[in-house]
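Inside the fold
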Amino acid sequence: MEACAYFQYLGSLPFWLFALTAVGFFSLSKISFKSLWWVYISFLRPGKNLKKYGSWAVITGSTDGIGKAFAFQFARIGLNLVLVGRNPEKLQQTAEAVKAKYGKTQIETVIIDLAGDLDGGLVRLREKIEGLDVGILVNSAGVSYPYAKFFHEVDQELQKTIIKVNVEAVTKIIQAVLPGMLKRKRGAIVNIGSGAAIVIPSDPLYAIYAATKAYVDQLSRCLYVEYQKSGIDVQCQVPLYVATKMASIRKSSFLVPSADAYAKAALRWIGHDVRCTPYWPHSLLWCFVSLLPESLVDNWRLNFCLNIRKKGMQKEAARKKE
Ligand SMILES: NC(=O)c1ccc[n+]([C@@H]2O[C@H](COP(=O)([O-])OP(=O)(O)OC[C@H]3O[C@@H](n4cnc5c(N)ncnc54)[C@H](OP(=O)(O)O)[C@@H]3O)[C@@H](O)[C@H]2O)c1
């Protein structure tokens, strides 16, 4: 009876008020559903069994920051590692540190300067992974500006390096690892993008870096669609600030995780969404930013980066004086 009276009441409302109530109801339902879904994927959804993709993981940028943290996390769950890096000593140190903590892990290393002789390095990588059951590839190696710079201030060498490491190398490393995954009909490819290209509407004074990360995002999305039916999960992870050498942030905090905290969160997302930001405070920030007018965020970011540029130039001038 009560429901009947309710519908009669709705029927007696003027049309505009009825339409407004309906829109309000659907908007509220959508927000509630999205919030519950966020709680589920951030805290409750179990991670995939990553060993099902294969027993080896290939990691670029494995000698520092996020890539190195991935190496420890993969070893923790029993995966063997192919560590890719440009510096033989750092590669050796990383391999030894992982071995010291997770003695059973088998580790292979491949020296590739992704900004240098990439094709020669790719030959070595292909030889190394021949016959290995490589299930996961993490493209973590990346290069940014030493500090914020206007587009016309970026020298040719830096521009070439950023594009080669962030675009060409990511593309070619995938091309080297993918055929084996296709043969085995399983695999996960994780490309580390950046909030600079996806979360904020622009990253002024880091234009080339942000543009290369937009490439990584779109490449991942297209490959996800192309290879999903072949058993290969392609994903672009979108971190905001992580306390690493690249970010020039030493101390972690609630909004800036350590590389280890990031990688721990990241493992739970592999194989799930095509684009994700695994560290949950980052996804809250993303949501907050998306609610603001783009021009406001653009302006805030420009001022923020101008400040970084000023400090960077001062440091550079002091270094030159020494
Ligand atoms: N940290 C952040 O706040 C943040 C935010 C968003 C996205 N990201 C992305 O996350 C990824 C990892 O960054 P990170 O913060 O871990 O940076 P990082 O601490 O500077 O580590 C970068 C890694 O890439 C390697 N690398 C750089 N140039 C190379 C080259 N020419 N050849 C081979 N390896 C090279 C470095 O090797 P060496 O050890 O030899 O230097 C290092 O292992 C990057 O793709 C970055 O764009 C980072």
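The following paragraphs examine the structure supplied in this document. Note that residues are indexed from 1 along each chain, following the sequence as it is written. Totals for whole chains, interfaces and linings use every residue, but because this is a predicted model, local features are given only for residues with pLDDT of at least 70 and side-chain atom pairs only at 80 or more, for both listing and counting.

Right, let's talk about the pairing of strand β4 (residues 134-139) for a bit. The burial criterion counts other C-beta atoms lying within 10 Å of a residue's C-beta, which is placed from the backbone; the residue is buried at 20 or more, exposed at 12 or fewer, and partly exposed between these limits. Under the DSSP-based scheme used, a helix requires at least four consecutive residues in state H or I and a strand at least two consecutive residues in state E, with every element numbered from the N terminus. Most of β4 sits inside the fold, with six of its six residues counted as buried. When DSSP finds two or more bridges between two strands, those strands count as paired. Alignment of strand β1 (residues 56-60) against β4, held across five bridges, turns out to be parallel. Within β4, the residue paired with Trp56 across the bridge is Val134. Both β4 and strand β5 (residues 187-192) contribute to a ladder of four bridges, which runs parallel. Along β5, the bridge assignment pairs Ile136 with Ala188. For the segment spanning β4, helix α6 (residues 156-184) and β5, crossover handedness is right-handed. Looking down the strands as they point away from you, a crossover is right-handed if its path from the first strand over the helix to the second goes clockwise.

What follows is about the site of the ligand. We call a residue near a molecule or strand when its C-beta atom, built from the backbone, sits within 6 Å of it. Near the ligand lie 30 residues; those nearest to it are Gly61, Gly65, Gly142, Thr244 and Met246. Side-chain classes are defined by residue name, with Ala, Val, Leu, Ile, Met, Phe, Trp, Tyr, Cys and Pro counting as nonpolar, Asp, Glu, Lys and Arg as charged, and the others, Gly among them, as polar. Broken down by class, the residue content of the shell around the ligand amounts to 14 nonpolar, 11 polar and five charged.

We now examine the environment of Arg221. The topology assignment puts Arg221 in helix α8 (residues 207-227). Each C-alpha atom, one on Arg221 and one on Val274, is 6.4 Å from the other, the two residues being 53 residues apart in sequence. A residue pair is marked as a contact if its C-beta atoms, positioned from the backbone, fall within 7 Å. When residues no more than four places from it in sequence are discounted, the contact partners of Arg221 are Val274 and Arg275.

This part is about the environment of Thr171. You can see Thr171 is positioned in helix α6. Judged by the 15 C-beta atoms lying within 10 Å of it, Thr171 is partly exposed. A C-alpha to C-alpha distance of 8.5 Å links Thr171 and Val216, two positions 45 residues apart in sequence.

Okay, unusual backbone geometry next. The phi torsion at Lys185 lies on the positive side, around 60 degrees, for a residue other than glycine. Mapped onto the elements, Lys185 comes out in the loop between α6 and β5. In this structure, Leu205 is a non-glycine residue whose phi angle is positive, near 75 degrees. Topologically, Leu205 is positioned in the loop between α7 (195-198) and α8. Residue classification places Leu205 among the buried residues on the basis of 24 C-beta atoms within 10 Å.

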